[in-house]
Amino acid sequence: MSKRYLVGVLAALCLLLVMSSSILAASLTVLNADFETLLPGATREQALSLTPYGWVASGAGNDYSVTLSDKVVYQGNYSMEILVQPENDPWGVHVACKPIPVVAGKTYTVNVTAINVVNEAPYTGKLDLYVEFWPDGGWWGEDDYWAPEFTLSGSKGIWNGKNRIASDPLFIGLPSGDWTTSSLTVTAPEGAKWVTVSFWTSRRTLRAYVDGIEVIER
Ligand SMILES: [Ca+2]
């Protein structure tokens, strides 16, 4: 076998590898991942005072808010602001995207661009990113917490982790001080039908912004 032939075969194999990995990886649709879609049926002012379209906030306390923001933005005109006041109670706040269908055994990489505003005391707490896998019905059951009418009503979700199927570790602390893209790669466990990209914080005071979420399936 000539050296030239061998080099040719190797080059072809490399090309095939690159092509197959790009064909096998698919970017999944995350509803309003860039927060640029205003809540249907809402005025701009209303939309800015409510949870962003396609997201739901859950938590028993009254000391937090999860709203669309046009103040601290990474790309486009809008981001999501998660604000927890110093009077934070033990319940914390959980923010989730609309569930995305997954296939057990496949691998999911979640990229999230976020900033923790730490230069304004006392808002120095950390925000955790969770990739949560669920069976059919998840924590939402028959309810559509992501429907525009629900968000328009100003209601909170009623999240619980009872049915969650997940492997540890599933959380990271978001780096502080600058817009940073954090990545988390998790294989969907047996029985998983849905994944949610979620943010969670408890007993922490913070002012964090999220803008740009990507879920890649392999
Ligand atoms: Ca944006």
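In this text, all values refer to a predicted model and were calculated from it rather than measured experimentally. (Residues numbered from 1 in each chain as written. Predicted model: local features only at pLDDT ≥ 70, side-chain atom pairs only at ≥ 80, totals over all residues.)

1. Looking at the overall build of the chain
Of the regular secondary structure elements, the chain holds 3 helices and 12 strands. The 218 residues of the chain split such that 36% are buried. Taking the contacts inside the chain whose residues are at least 6 apart along the sequence as the reference set, 79% of them involve residues at least 24 apart. (Helix = DSSP H or I, 4+ residues; strand = E, 2+ residues; numbered from the N terminus. Buried ≥ 20, exposed ≤ 12 C-beta atoms within 10 Å, placed from the backbone. Contact = placed C-beta atoms within 7 Å.)

2. Observations regarding the environment of Tyr78
Here Tyr78 lies in the loop between strand 3 (64-69) and strand 4 (79-84). In this structure Tyr78 comes out as buried when scored by C-beta crowding, with 24 C-beta atoms within 10 Å. Linking Tyr78 and Glu36, residues 42 residues apart in sequence, is a C-alpha distance of 5.6 Å. Dropping the residues within four chain positions of it, Tyr78 is found in contact with Phe35, Glu36, Leu68, Ser69, Asp70 and Val73.

3. Describing the nonpolar core
Soluble globular proteins tend to bury their nonpolar side chains together. Judged by nonpolar contacts, the single largest core of 53 residues is most densely connected at Met80, Ile82, Val95, Tyr108, Ala114, Val197 and Ala208. Counting only elements with at least two residues in this core, the list comes to strand 2 (55-58), strand 3, strand 4, strand 5 (93-97), strand 7 (107-116), strand 8 (128-134), strand 11 (194-201) and strand 12 (206-217). Among the elements that take part in this core, strand 12 stands out by supplying 6 residues, more than any other. (Core = buried A, V, L, I, M, F, W, Y, C linked by C-beta atoms within 7 Å.)

4. Focus: unusual backbone geometry
Even without a glycine there, the phi angle at Asn32 is positive, about 55 degrees. Summarising the element assignment, Asn32 is placed in the loop between strand 1 (26-28) and helix 2 (44-49). The backbone phi angle of Phe35 is positive, close to 65 degrees, even though this residue is not glycine. Mapped onto the secondary structure, Phe35 falls in the loop between strand 1 and helix 2.

5. Re the environment of Ala57
Tracing the backbone shows Ala57 in strand 2. Remark: the alpha-carbon pair of Ala57 and Cys97, spanning 40 residues in sequence, is separated by 9.3 Å.

6. Concerning the environment of Leu83
In this structure, Leu83 sits in strand 4. With 18 C-beta atoms packed within 10 Å, Leu83 lands in the partly exposed category. As a C-alpha pair, Leu83 and Val66 span 17 residues in sequence and 6.4 Å in three-dimensional space.

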